[in-house]
Each structure stands twice: as C-alpha cells, then as structure tokens.
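Structural description and commentary
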Amino acid sequence: MKRLFAIIESPVTRGFLLGLVVLSLQTTLFNTLRPFGVVLQVMLLLSCVSGVVAGSETGAIAGFAFGMMYDMVLTAPLGLSALVFGFAGYAAGGVNTFVHEARWWARILSVSVVSAAAVFLYPAASLVVGVEGLLGPRVITVALTCSVFNAIFTLPAAKLAKWALVKPVRSEEHTSEL
C-alpha cells in the first residue's frame, strides 16, 4: 500500500495528471475562447510556470512532456511543440538563477517574456522542418495576447505546478504516523 501511495504522490504522476487536465481545457474551452482571434496557449503557460517553480531542468523536462502531450492532438510535426515548450520551461526557470525563490513580479515577468519568445520561436522552428506560412505579421498579435494572458494567470498556475512538481518535505513525526 505504501508503494501505491508513493507512486500516486510522485511529481511525475501528478505532473502527468495535471498536464492531462490542462490539455483537455486547452483543446476544448480555450480553443473556442479566442480573444483577438488568438487561441490562448495554456500548455505553454504550464510549461513556463513549471520552470519558475521547480527550476530550469525540471521546467525543461516538464515542458517537453507537456509539449509532447499537446503535439499528440495537433497536426503539426511531432515534437515541434515539445521542443519549443521545453525551451520555454528551461528559460523561464532562469528567473531562479541568482535567487533562491523569485518574487511574484519576477515570476510574472519571466513567464510573460518567455511566452512571447516561445510564440515567436514556434513559427521559426516550423520553418526549419518545412512548414511554411506561420511566420507573418499576425505573430506579433498572437505573442502579445498570449504574453498578457499568461502574465495574468501566472500565479494561480504556479500554485498548481508547485503542487504537482515539487515534492513536499515531510517531518519525521508525520512520516512515522503513516
């Protein structure tokens, strides 16, 4: 029974389940809600906040996993979103490079800037693999809209990502009771 609880409580399991829930929201609710004609990138937000709350390496791994999950429902080349989201998770985790835990405004700024950079990176990376027509003047509108949306929802998403990806530290008294 302890082994089952250990699997359930692992960050990998919780991150995967959170990714599935956010993916379902991305493909249903946020696919129909289009401010300024832009599909809001909630999976990108989750990748960025994963880097902010758990560090660059964990953010890169989580971003890659969330990107692969998102690629499974897209018609784009497999791995393109994974590459961009992995970069976004790693870059957003850079906010923790010089401090132990970043302030709230630094988290918001990091997620916002990295989200905009990732929105620009996706069409550029798609050109490398042969998909044309994504890089145009509309990318600026998409980047600004996604950047503002992700900035607004950074703090609630960071709480979810912290729950999922950061293993809680238990005291000796609490673990002996189990």
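Definitions and cut-offs
Residues numbered from 1 in each chain as written. Predicted model: local features only at pLDDT ≥ 70, side-chain atom pairs only at ≥ 80, totals over all residues. Heavy atoms only, no water. Phe/Tyr/Trp six-rings, centres within 6.5 Å; stacked < 30°, edge-to-face > 60°. Helix = DSSP H or I, 4+ residues; strand = E, 2+ residues; numbered from the N terminus. Buried < 20%, exposed > 50% of the residue type's maximum accessible area, 1.4 Å probe, protein only. Core = buried A, V, L, I, M, F, W, Y, C linked by side-chain atoms within 4.5 Å. Contact = heavy atoms within 4.5 Å. 1 Å grid on protein atoms, 1.4 Å probe; cavity = no way out; pocket = protein on both sides within 12 Å on 5 of 7 lines; lining within 4 Å. Points joined across faces, edges and corners; volume = space filled by probe spheres on them. Nonpolar A, V, L, I, M, F, W, Y, C, P; charged D, E, K, R; others polar. Axes fitted to C-alpha atoms, helices over the stretch in contact; angles between N-to-C directions. Parallel < 35°, antiparallel > 145°, perpendicular 65-115°, else oblique. Left-handed = near helix turned anticlockwise from the far one by under 90°. Expected span 1.5 Å × (residues − 1). Polar contact = N/O pair within 3.5 Å; in protein donor to acceptor, adjacent residues only side chain to side chain.

Here we look at the packing of aromatic side chains
Summed over all chains, the structure comprises 3 aromatic pairs. A ring pair is formed by Tyr70 and Phe85, whose centres lie 6.0 Å apart and whose planes are at 15 degrees; its orientation type is stacked. Of this pair, Tyr70 sits in helix 5 (residues 56-71) while Phe85 is found in helix 6 (residues 80-92), placing the two residues 15 residues apart along the sequence. Owing to a relative accessible area of 9%, Tyr70 belongs among the buried residues under this scheme. Taken together, a centroid distance of 4.8 Å and an interplanar angle of 50 degrees make the contact between Phe149 and Phe153 tilted.

Notes on the nonpolar core
Met43, Leu44, Leu46, Cys48 and Val49 are the most contacted members of the largest nonpolar core, which has 43 residues in total. It is helix 4 (residues 42-54) that provides the largest number of residues to this core, a total of 9 residues. Discounting residues that sit within four places of it in the chain, Leu44 has contacts with Phe85, Ala88, Ser115, Ala118, Val119 and Asn150.

A word on the layout of surface pockets
If a probe as big as a water molecule is rolled over the atoms, it shows which places are left empty. For the largest pocket, the calculated volume is near 760 Å³. Taken together, 30 residues form the lining of the largest pocket, with Val39, Gln41, Tyr122, Leu134 and Val142 sitting closest to its centre. Of all elements in the fold, only helix 2 (11-27), helix 6, helix 7 (104-128) and helix 8 (138-152) reach the threshold of two or more residues within the lining of the largest pocket. Ranked by residue count, the leading element in the lining of the largest pocket is helix 7, at 5 residues. Taken together, the residues of the lining of the largest pocket sort by class into 19 nonpolar, 9 polar and 2 charged.

So, the packing of helix 2 against helix 5
Two quantities define a packed helix pair, namely the angle between the helix axes and the distance between the axes. Helix 5 packs onto helix 2 with a crossing angle of 40 degrees between their chain directions and a minimal axis gap of 10 Å. One element, helix 2, and the other, helix 5, form an angle in the oblique class. Classified by chirality, the crossing of helix 5 by helix 2 is right-handed. Counted together, Gly15, Phe16, Gly19, Leu20, Leu23 and Gln26 of helix 2 and Phe66, Met69 and Tyr70 of helix 5 form the full contact between these two elements. Looking at the contact of helix 2 with helix 5 residue by residue, the class counts come to 6 nonpolar, 3 polar and no charged.

A word on the environment of Val22
The topology assignment puts Val22 in helix 2. Of the residues examined, Val22 reaches a relative accessible area of 9% and is grouped as buried. Sequence-wise, Val22 and Tyr70 are 48 residues apart; in three dimensions their C-alpha atoms are separated by 9.8 Å. Setting aside chain neighbours within four positions, we find Val22 in contact with Val42, Met43 and Leu46.

Notes on helix 2
An α-helical turn contains 3.6 residues, so any two residues separated by three or four positions project in the same direction. With 17 residues, helix 2 should reach 24 Å at 1.5 Å per residue; the first-to-last C-alpha distance of 24 Å fits that figure. The set of residues buried in helix 2 consists of Arg14, Gly15, Leu18, Gly19, Val22, Leu23 and Gln26. Where helix 2 is buried, its residues meet helix 1 (2-9), helix 3 (29-32), helix 4, helix 5 and helix 9 (154-165).

Some details on the side chain of Ser56
As for its position among the elements, Ser56 is in helix 5. Owing to a relative accessible area of 18%, Ser56 belongs among the buried residues under this scheme. Within the structure, the side chain of Ser56 is placed 3.2 Å from the backbone oxygen of Tyr90, a separation counted as a polar contact. A distance of 3.4 Å separates a polar atom in the side chain of Ser56 from the backbone oxygen of Gly93. In contact with Ser56, not counting residues within four places along its chain, are Gly51, Gly89, Tyr90, Gly93 and Gly94.

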